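Summary of structural features
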Amino acid sequence: MQKSLLLLLLAVSFHISAQTRLYVHASASGANTGQSWADAYASLQIALQTAQPGDTVWVAEGVYRPTETTARNLSFEPKSGVCLLGGFVGTENSVGQRDWVVHPAVLSGDIGITGDSTDNSYNVMYLQFPDSSTILDGFVICDGLANGPVTSIFGRGRCGGGLYINGEDWEAYPNIRNCTFLHNTARNFGGGVMVNGIGDGSVAPSFQNCIFEQNVSLSNGGGVARYGGSWVERADFNSCMFRRNISNASGAGAYYYDSERSDRLDFESCFFISNQAIQSAGGMFLNLGRTQNARVRINNCRFEKNSANSNGTAISFLPANLSSPTHLIQIDSCNFFENRDTSSSDASLIHVDQFGDTSSTIYIENLSASENVIKGGYMLLCSFSNVGKISIKNLSLIHI
């Protein structure tokens, strides 16, 4: 028993000290060991099956699919703690030499018949309980179709056509950087990305310099849907673009459903362009579900040419708990341009429905709004509200 334990400890210690770099190149023709560019894996799936927590995988430009079969339930599934980097030519010896724009590494769900979306992968990529050392950086993730069999309303296969992050009853804190989520669809939530933090989950994936484009949700969250807050404070969305996403319900760009946690949701320097919600919130829909300390900050963001059929052409807040004493919304240095509502009345750029109680606060500062077509004519509409304080400073309004 002691000898077996010693061997186990030695094996663990060896892997910790021998963290490896694996190479992947779609057109590689060498020894297929993944140990160099010359002998790179041609299959990303094999590389991910090999990679252990702490390992780094370098992926050269090319198109990679979760399977060469027609098994729609298969996804790319890096283990928690794996660093996955794309955008290489296939000759580099340092991360700084790559260019993910010029040399895209494409993770495509277009399996089966090429160009036929009906047989595409349910989820192109799946992350199970990823910790904060899990990195996805420099990829185009496209053509996922999450319309699988009904297992759960939040289940894999029905949500997150591009990327499904699972932190249900656990944790999920991956870092997603320099990625484009393109042309993905979900039957339920999160056409581009689904973040599942329901139950006891604590989820706070960090998205930096990412693009969510032409994704569709037949329910909430065309670009991204996140269910659940976090006990850990992290940068949520920084310098991200949400463009031409569609939601058949609410939150065409982004949809967030809060839970009883302690973090603040942040959107920093993000663009919401030409997103369309069939119901409400062309830009973002935020459901603040805490009994206390629900906090949101939207800073230096631009909302342009978004549309919705009802409340909140650009942004809509709907608290699930109407007795929260300490809701705090901050909207600072944001620009609203040519957003349009398609409803008949009571429309607004920013909608707050039945919000909080007498100690809740909304701060709107340094806001610019021009050429928006709002039939109700409201910049801010608080319907049936019980807001304690609304502070509005430094507004520039033209033809709202």
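In the block above lies the structure referred to throughout.
Figured I'd write up the structure that's included with this text. In this text the structure is predicted, and so the values were computed from the model without any measurement. (Residues numbered from 1 in each chain as written. Predicted model: local features only at pLDDT ≥ 70, side-chain atom pairs only at ≥ 80, totals over all residues. Heavy atoms only, no water.)

1. Structural notes on the pattern of salt bridges
- For the coordinates displayed, the defined rule picks out 11 salt bridges.
- A network of salt bridges, in which partner residues are shared, links Glu213, Arg243 and Arg244. (Salt bridge = Lys/Arg side-chain N within 4 Å of Asp/Glu carboxyl O.)

2. A few points about the packing of aromatic side chains
- Counted under the stated rule, the structure contains 25 aromatic pairs.
- Geometrically, the ring pair formed by phenylalanine 181 and phenylalanine 212 is stacked, given 5.2 Å between the ring centres and 15° between the ring planes. Pair noted here: phenylalanine 181 is in strand E13 (residues 180-182) and phenylalanine 212 is in strand E18 (residues 211-213), with a separation of 31 residues, a long-range link.
- A relative accessible area of 0% means that phenylalanine 212 is categorised as buried.
- For the pair phenylalanine 272 and phenylalanine 303, a centre-to-centre distance of 4.9 Å together with 10° between the ring planes defines the contact as stacked. Taken as a pair, phenylalanine 272 in strand E26 (residues 271-273) and phenylalanine 303 in strand E30 (residues 302-304) lie far apart in primary sequence, 31 residues in all. We note that phenylalanine 272, like phenylalanine 303, is buried. (Phe/Tyr/Trp six-rings, centres within 6.5 Å; stacked < 30°, edge-to-face > 60°. Helix = DSSP H or I, 4+ residues; strand = E, 2+ residues; numbered from the N terminus. Buried < 20%, exposed > 50% of the residue type's maximum accessible area, 1.4 Å probe, protein only.)

3. As for empty space enclosed by the protein
- If you walk through the whole model with that rule in mind, you get 1 cavity of 30 Å³ or more.
- When its volume is computed, the largest cavity comes out at roughly 50 Å³. (1 Å grid on protein atoms, 1.4 Å probe; cavity = no way out; pocket = protein on both sides within 12 Å on 5 of 7 lines; lining within 4 Å. Points joined across faces, edges and corners; volume = space filled by probe spheres on them.)

4. Examining the environment of alanine 26
- Secondary-structure assignment places alanine 26 in the loop between strand E1 (21-24) and helix H2 (44-50).
- By relative accessible area, which is 35% here, alanine 26 ends up partly exposed.
- Each C-alpha atom of the pair alanine 26 and valine 59 lies 8.5 Å from the other, and the pair is 33 residues apart in sequence.

5. Looking at the sheet that holds strand E27 (residues 276-277)
- If you walk across this open sheet you meet the 7 strands as E9-E14-E19-E23-E27-E31-E35, and the pairing is parallel. Of all strands in the sheet, those with a lone pairing partner are strand E9 (145-146) and strand E35 (340-341), marking the two edges.
- Summarising the sheet, E27 and strand E31 (residues 307-308) pair through 2 bridges and their orientation is parallel. From the neighbouring strand, alanine 277 faces E31, where its bridge partner is alanine 308. (Pairing = 2+ DSSP bridges.)

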